[in-house]
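Commentary on secondary and tertiary structure
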Amino acid sequence: MIRAKIAGIGHYVPNNVVSNDDLSKHMETSDEWIQERTGIKERRFGTKHEESTTTMGYEASKVALERAGITAEEVDFIIFATLSPDYYFPGCGVLLQRALGITKTEIGALDVRNQCSGFVYALSVADQYIRSGMYKNILVVGAEMHSMGLEFTTRGRGVSVIFGDGAGAAVVQATEEDKGILVSELHSDGTNAEILSLLSPGSHGGVHHDDKEQFGFPDKSTLGGTFITDKMLENGHHFPYMDGKSVFKKAVVKFPEVIKSTLDKIGKTAEDIDLLIPHQANLRISQFIQKVLGLKDEQVFNNIHKYGNTTAASIPIALSEAWEEGKVKEGDTICLAAFGSGFTWGSVIIKW
Ligand code: ACO
């Protein structure tokens, strides 16, 4: 039986450390407020116009490839998850392929747009390709350069204090050993899709689906439209919007629910988890999940205090760090779980 194992995991975070006090020089906020609500002490920001989501993904990929003991030419598919791509299009998958110099083989590259659960979705997709025998080595990347798209003012403080930059990558490889991804489960509910969203640029004119009239849309006087208008910029519709309380309420229900049901599929319970790596959304959310599942401190990995919420990158960065710290060992049952914008959520159980 062919299974998909993680043969190598790596991460990259920029050198520039931005503390809560640094943020408070640009907006009305405080170290106390941020730490109390989110558990975040600092985050990393990439170097403007030098680093990007792709360059960070490239750095993380090099580490993952080296740890897997394969060269870039041996990769036969790329899956790249991000919500902060270098360009609106093409996606980061092909940019990473170019950066890695994988030109001869003309392998496929797929971009995943599932925000916080992007890496879990990407891993699940990779698992299916490997199990079907289609590919042998898939490079799965989650990377974000949020700092280029946040509003560092008091108006934007509810969102901008939470996010940070970074990247993680995994070489997902076919194996006939008794190890690898055991099961994955994916979900979504678009009922309140705009609760955590970035509306502009977009083909809906940068306005909420239920809110067309607010900015005089649709403008029937011209043929076609524009992805971004001055009005949208003025109203900050090119920055992420989040109804934090609603996200929190849904996350604390869906995280434990999906973890339990994924474990249940393979006859396991929370007790069997050696390490849970939840998407690093907010320390309060992770603590809530831990409590509901009755997990001990050593069963849950958190590093949000150092990096903030790095969205699609948070799970692979955390997995890579946990592995480096010796917290992910041969034979361990590792549970990855994510919840985020969409809403989308999911879980992957791995026998390491
Ligand atoms: N510093 C100081 N004050 C702030 C800040 C800030 N950075 N941000 C908001 N405030 C103020 C608000 O203006 C408000 O002031 P008011 O009472 O005078 O109106 C007050 O603090 C309370 O604001 P709320 O938004 O109600 O704050 P809340 O207690 O809900 O905390 C938070 C906000 C931390 C976002 C919380 O809702 C939360 O943790 N939500 C979960 C969402 C999350 O973690 N998202 C991560 C991304 S999504 C994902 O990865 C799943």
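Described in the following lines is the structure provided in the data block. (Residues numbered from 1 in each chain as written. Predicted model: local features only at pLDDT ≥ 70, side-chain atom pairs only at ≥ 80, totals over all residues. Heavy atoms only, no water.)

The next point concerns the overall build of the protein chain. The secondary structure content of the protein chain amounts to 11 helices and 13 strands. Relative to the globule expectation of 20 Å for 352 residues, the C-alpha radius of gyration of the protein chain, 20 Å, shows essentially globular dimensions. Within the span of the protein chain, comprising 352 residues, buried residues form 54% of the whole. Across the protein chain, every contact between residues at least 6 apart in sequence was considered, and the portion connecting residues at least 24 apart equals 78%. Both charge centroids of the protein chain, one from 35 positive and one from 46 negative side chains, sit 3 Å from each other. (Helix = DSSP H or I, 4+ residues; strand = E, 2+ residues; numbered from the N terminus. Rg over C-alpha atoms; globule rule 2.2 N^0.38 Å. Buried < 20%, exposed > 50% of the residue type's maximum accessible area, 1.4 Å probe, protein only. Contact = heavy atoms within 4.5 Å. Lys, Arg positive; Asp, Glu negative; His and termini not counted. Charge placed at Lys NZ, Arg CZ, Asp CG, Glu CD.)

Our next topic: the site of the ligand. Lining the immediate environment of the ligand, one finds 24 residues, of which Thr29, Lys245, His279, Asn282 and Asn309 sit closest. The contact in question runs from an oxygen atom of the ligand to an N or O atom on the side chain of Arg37, over 2.9 Å. Within the backbone of Gly244, a nitrogen or oxygen atom sits 2.9 Å from a nitrogen atom of the ligand. Isolated, the ligand exposes 1,000 Å² of accessible area, and the fraction of that covered by the protein chains is 72%. (Near = heavy atom within 4 Å. Polar contact = N/O pair within 3.5 Å; in protein donor to acceptor, adjacent residues only side chain to side chain. Areas by Shrake-Rupley, 256 points an atom, 1.4 Å probe, with all protein chains shown as cover.)

Right, let's get into the sheet that holds strand S8 (residues 180-188). Spatially, the four strands line up as an open sheet ordered S8-S13-S12-S11, and their pairing is mixed. At either end of the open sheet lies a strand with only one pairing partner, and these are S8 and strand S11 (275-278). Going across the sheet, the axis of each strand differs from the next one's by a mean of 10 degrees, ignoring polarity. As paired elements, S11 and strand S12 (residues 333-340) share four bridges and run parallel to each other. Within S12, the position partnered with Leu276 by the bridge is Cys335. (Pairing = 2+ DSSP bridges. Axes fitted to C-alpha atoms, helices over the stretch in contact; angles between N-to-C directions.)

To continue, consider helix H3 (residues 53-68). The periodicity of an α-helix, 3.6 residues per turn, causes residues three or four positions apart to be oriented the same way. The terminal C-alpha atoms of H3 lie 22 Å apart, and with 16 residues this matches the ideal 22 Å at 1.5 Å per residue to within 8%. Taken residue by residue, H3 has Thr53, Thr54, Met56, Gly57, Ala60, Ser61, Ala64, Leu65 and Ala68 as its buried positions. Packing partners of the buried residues in H3 comprise strand S1 (3-12), strand S4 (77-81), helix H4 (92-99), strand S6 (137-144) and strand S7 (166-175). Once H3 ends, the next one or two residues include Gly69, with phi positive near 75 degrees. (Expected span 1.5 Å × (residues − 1).)

Now for a nonpolar patch on the surface. Residues Tyr88, Phe89, Phe227, Ile228 and Leu233 make up a contiguous nonpolar surface patch of roughly 540 Å² in combined accessible area. Structurally, Ile228 can be placed in the loop between strand S9 (196-197) and helix H7 (230-234). (Patch = residues over 30% accessible without salt bridge, like charges linked within 9 Å, V, L, I, M, F, W, Y side chains within 5 Å. Salt bridge = Lys/Arg side-chain N within 4 Å of Asp/Glu carboxyl O.)

Read across the sheet, five strands follow the order S1-S7-S6-S4-S5 without closing on themselves; strand pairing throughout is mixed. Because the sheet does not close on itself, it has two edges, and the strands there are S1 and strand S5 (108-112). Adjacent strand axes in the sheet meet at a mean angle of 20 degrees when their direction is disregarded. Taken together, the nine bridges between S1 and S7 define a ladder with antiparallel strand orientation. Looking at the pairing, Arg3 lines up with Thr175 of S7. H3 contacts S1, S4, S6 and S7 of the sheet and is inclined by roughly 125 degrees relative to S1.

The next point concerns the packing of aromatic side chains. The full count for this structure, using the stated rule, is seven aromatic pairs. Ring-pair connections join several aromatic residues into one group, and the members of that group are Phe255, Phe339, Phe343 and Trp345. (Phe/Tyr/Trp six-rings, centres within 6.5 Å; stacked < 30°, edge-to-face > 60°.)

As a further point, take the state of the cysteines. Taken as a whole and judged by the stated rule, the model has zero disulfides. Free of any disulfide, Cys335 has its nearest cysteine sulfur in Cys116, 16 Å distant. Overall, Cys335 belongs to the buried group, its relative accessible area being 0%. (Disulfide = S-S within 2.5 Å.)

Tracing the backbone shows Ile70 in the loop between H3 and S4. Residue Ile70 is classed as buried on the basis of its relative accessible area of 11%. Through-space distance from the C-alpha of Ile70 to that of Pro256 is 36 Å; in sequence the pair is 186 residues apart. Setting aside residues up to four positions removed in sequence, Ile70 forms contacts with Leu65, Val75, Asn137, Val171 and Gln173.

Our focus in this paragraph is the nonpolar core. Residues Ile259 and Leu276 are the most contacted members of the largest nonpolar core, which totals 39 residues. For this core, the element with the most residues is helix H8 (residues 244-265), which contributes seven residues. Here this core gathers at least three residues from each of two domains, domain 1 (3-178) and domain 2 (181-192 + 242-351). Discounting residues that sit within four places of it in the chain, Ile259 has contacts with Ile273, Leu276, Ile289, Leu293, Cys335, Ala337 and Ser347. Listed in part, the 35 residues of the second largest apolar core include Val112, Leu275, Phe301 and Ala338. (Core = buried A, V, L, I, M, F, W, Y, C linked by side-chain atoms within 4.5 Å. Domains from an automatic or database assignment.)

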